[in-house]
Amino acid sequence: MIKKNIIFYIGICILLFNSCTKEQLSSCSTNKRLADCLDFYCGNVVDLDRMDSIPEYASIVTEQFNSVTAENIMKPNALHPTRNVFDWEEADQLASFCQASNKRLHGHTLIWHKQLPPWMYAFQGTKSEWEEMMRDHIFRIVDHFKGKVTSWDVINEAFEEDGTMRNTIWLKNIGPSYIEKAFQYAHEADPDAILFYNDYNIVLNPIKRKAILDLCIQLKAKGVPIHGIGIQMHIFNGFPENNDISKAMDEIWNQDFIIHISELDVSINVNGTEMPVAPEKDLDIQAEKYLYIFKAYDRIPNAYKFGITIWGVGDRDTWIRYSSNRDDYPLLFDDEYQPKKAFCTLISEL
Ligand code: XIL
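Fair warning: this is a prediction, and the values are worked out from it, not measured in the lab.

*Asks:* Where do I start with the overall build of the protein in this structure?
*Replies:* Check the secondary structure of the protein and you find 14 helices and nine strands. Here the protein has a C-alpha radius of gyration of 22 Å; the compact-globule value for 350 residues is 20 Å, and the two agree. Overall, the protein is about 85 × 45 × 40 Å in size when its C-alpha atoms are taken along their principal axes. A buried classification covers 54% of the 350 residues belonging to the protein. Across the protein, the fraction of contacts at a sequence separation of at least 24, relative to all contacts at a separation of at least 6, is 76%.

Structure below.
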């Protein structure tokens, strides 16, 4: 009997020792909540299938963040599959999760040139029929989520790199005024919603930034309800330069626009070389880049801080691997959902 107890006791010790060793070896503990280290909202994109099937993923989303953006299920093709049918099911589930877990839900996205339903690309009509179609699309969606969604990316990626407006179905059929109309329709549906223009390369490309900012300034001066600019911030270890990140943010809030760092990821493989594991030195640089962004964002006046949203939970979830077809490790958690240097640096330095 005693012998049995001793064996049992040793077994427990081995177990405990192992878990301690593991704890010591892992770079840091996730007991500290990232959102609690910050004076602004910090979110992630959520994929409901992963929430249901990967417990580590679900616990990171639930514990570390206080804001959520849908990665795909609130895009036009998901919410508005045919002309007269809206499909709320999955997005409603996400909204319920956010309500139950006290998280802010950011709506992404109402008007874009990608991930539209086929019927929208094929739509035929006069300018006023197009306006009516766009109004119905925006109004019904924003109205449905009123009180559950705090904010919307009303327009996503409307500019080209040379500063001209992208030749989307919206521009072709309605003309440049589609942008202000979209904001007005969204505001009519939910006057309390915070409305954003969202785009990429805003820091990297000063021509594009100026074009976006000029339009937003002009629209705001006309009374169009445009409240903020979403800087997607899909960036790299090496660029944009840190100073340019701060400078771009300053330019935006100085013009009285709220800033959402809306889709942050920091790629470590700009050349797309084969990279079966992430090199330590690149992960160190990545950690410094994340830290710089969080600190630079923290320095802008509170009234202009909407929050930072990371575009993915574990590296295995990143859109970069399948959309750019390269090995990459751009997020705060690794393929096994263990915290990376970047996460540990944020929670220890912020
Ligand atoms: C991406 C999603 O992450 C992918 O899952 C999807 O296949 C394509 O879209 N800019 C945006 C986001 O505004 O909606 C994109 O999300 C990434 C680039």
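*Asks:* For this particular structure, what's the right way to read the packing of helix 12 (residues 280-299) against helix 14 (residues 341-349)?
*Replies:* Two measures define how a pair of helices packs: the angle their axes make with one another and the distance between the axes. Orientation of helix 12 relative to helix 14, taken along the N-to-C sense of each, is 40 degrees, at an axis distance of 8 Å. Relative to helix 14, helix 12 is oriented oblique. Here helix 12 and helix 14 pass one another in a crossing that is right-handed. Counting all contacts with helix 12, which are made through Leu 283, Asp 284, Ala 287, Glu 288, Tyr 290, Leu 291, Phe 294 and Lys 295, the residues of helix 14 involved are Lys 341, Ala 342, Thr 345, Leu 346 and Glu 349. Of the residues that constitute the contact of helix 12 with helix 14, the class distribution is seven nonpolar, one polar and five charged.

*Asks:* I'm lost on the site of the ligand in this one. Help?
*Replies:* Taken together, 14 residues sit near the ligand, with Glu 71, Lys 75, His 108, Glu 263 and Tyr 322 positioned nearest. Residue Lys 75 places a side-chain N or O atom 2.7 Å away from an oxygen atom belonging to the ligand. For the ligand, the protein covers 85% of the area, taking 420 Å² as the surface of the free molecule. In this structure the site holding the ligand corresponds to the largest pocket. The residue inventory of the shell around the ligand, partitioned by class, reads four nonpolar, six polar and four charged.

*Asks:* Explain the layout of surface pockets here, please?
*Replies:* It is a probe the size of a water molecule, rolled over the atoms, that shows where empty space is left. Approximately 470 Å³ is the volume attributed to the largest pocket. Lining the largest pocket are 25 residues, with Glu 157, His 234, Glu 263, Trp 319 and Ser 323 sitting closest to its centre. For the lining of the largest pocket, the secondary structure elements donating two or more residues are strand 7 (234-236), strand 8 (258-267) and helix 13 (319-323). If you tally residues by element for the lining of the largest pocket, the top one is helix 13, at four residues.

*Asks:* Looking at this model, I keep getting lost on the pattern of salt bridges. Mind explaining?
*Replies:* Side chains that differ in sign of charge can pair as their charged atoms come close. Evaluated as defined, the whole model comprises 21 salt bridges. Here Asp 36 ties to Arg 33 by a salt bridge, and the two come within 2.8 Å at their closest N and O atoms. Using a relative accessible area of 27% as the deciding quantity, one classes Arg 33 as partly exposed. A salt bridge links Lys 208 to Glu 161, with the nearest nitrogen and oxygen atoms 2.6 Å apart. In this pair, Lys 208 sits in helix 10 (residues 206-221) while Glu 161 sits in the loop between strand 4 (151-156) and helix 8 (169-174), placing the two residues 47 residues apart along the sequence. Among the charged side chains, a network of salt bridges with common partners joins Asp 47, Arg 50, Glu 71 and Asp 317.

*Asks:* What is the right way to look at a negative patch on the surface in this model?
*Replies:* Residues Asp 49, Asp 52, Asp 87, Glu 89 and Glu 90 make up a contiguous surface patch of negative charge. Looking at the negative patch, the elements with two or more residues in it are helix 2 (48-53) and helix 5 (89-100). Structurally, the position occupied by Asp 87 is in the loop between helix 4 (76-79) and helix 5.

*Asks:* Mind showing me how you'd approach the state of the cysteines here?
*Replies:* Disulfides are covalent bonds that link the sulfur atoms of two cysteine residues. Inspection of every chain in the model, using the stated rule, returns one disulfide. For Cys 28, the disulfide goes to Cys 344, at an S-S distance of 2.1 Å. Its S-S torsion of approximately -75 degrees makes the covalent link between Cys 28 and Cys 344 left-handed. Placement of the pair is Cys 28 in the loop between helix 1 (2-25) and strand 1 (42-46) and Cys 344 in helix 14, with a sequence separation of 316 residues. With respect to burial, Cys 28 and Cys 344 carry one shared label: buried. For Cys 37, which is in no disulfide, the shortest distance to another cysteine sulfur is to Cys 42 and amounts to 9.2 Å.

*Asks:* Please clarify how the nonpolar core should be interpreted in this entry.
*Replies:* Note that soluble globular proteins tend to have their nonpolar side chains buried in a common cluster. Core analysis: the largest hydrophobic core is formed by 108 residues, its most contacted members being Trp 152 and Trp 170. Residues contacting Trp 170, with those up to four places away along its chain left out, are Ile 111, Trp 112, Leu 116, Met 120, Trp 130, Met 133, Met 134, Gly 175 and Tyr 178. Among the nonpolar cores identified, the runner-up in size contains five residues, and Ile 268, Met 275, Ala 278 and Leu 283 belong to it.

*Asks:* In this structure, what is going on with the packing of aromatic side chains? I would like to understand it.
*Replies:* Given two aromatic rings, their pairing is described by the distance between the two centres and the angle made by the two planes. Scanning the entire structure with this criterion turns up 14 aromatic pairs. Their ring planes at 35 degrees and their centres at 6.3 Å tell us that Phe 40 and Phe 294 sit as a pair that is tilted. Here Phe 40, found in the loop between helix 1 and strand 1, pairs with Phe 294, found in helix 12; they are 254 residues apart in sequence, far enough to count as distant. As far as burial versus exposure is concerned, Phe 40 and Phe 294 are alike and both buried. Three or more aromatic residues joined by ring pairs form one cluster here, namely Phe 86, Trp 88, Phe 145 and Trp 152. Cation over ring: Arg 135 sits above Phe 139, and NZ or CZ is 4.7 Å from the ring centre.

Parameters and conventions
Residues numbered from 1 in each chain as written. Predicted model: local features only at pLDDT ≥ 70, side-chain atom pairs only at ≥ 80, totals over all residues. Heavy atoms only, no water. Helix = DSSP H or I, 4+ residues; strand = E, 2+ residues; numbered from the N terminus. Rg over C-alpha atoms; globule rule 2.2 N^0.38 Å. Buried < 20%, exposed > 50% of the residue type's maximum accessible area, 1.4 Å probe, protein only. Contact = heavy atoms within 4.5 Å. Axes fitted to C-alpha atoms, helices over the stretch in contact; angles between N-to-C directions. Parallel < 35°, antiparallel > 145°, perpendicular 65-115°, else oblique. Left-handed = near helix turned anticlockwise from the far one by under 90°. Nonpolar A, V, L, I, M, F, W, Y, C, P; charged D, E, K, R; others polar. Near = heavy atom within 4 Å. Polar contact = N/O pair within 3.5 Å; in protein donor to acceptor, adjacent residues only side chain to side chain. Areas by Shrake-Rupley, 256 points an atom, 1.4 Å probe, with all protein chains shown as cover. 1 Å grid on protein atoms, 1.4 Å probe; cavity = no way out; pocket = protein on both sides within 12 Å on 5 of 7 lines; lining within 4 Å. Sits in = over half its atoms within 2 Å of the grid points. Points joined across faces, edges and corners; volume = space filled by probe spheres on them. Salt bridge = Lys/Arg side-chain N within 4 Å of Asp/Glu carboxyl O. Patch = residues over 30% accessible without salt bridge, like charges linked within 9 Å, V, L, I, M, F, W, Y side chains within 5 Å. Lys, Arg positive; Asp, Glu negative; His and termini not counted. Charge placed at Lys NZ, Arg CZ, Asp CG, Glu CD. Disulfide = S-S within 2.5 Å. Core = buried A, V, L, I, M, F, W, Y, C linked by side-chain atoms within 4.5 Å. Phe/Tyr/Trp six-rings, centres within 6.5 Å; stacked < 30°, edge-to-face > 60°. Lys NZ or Arg CZ within 6 Å of the ring centre and 35° of its normal.

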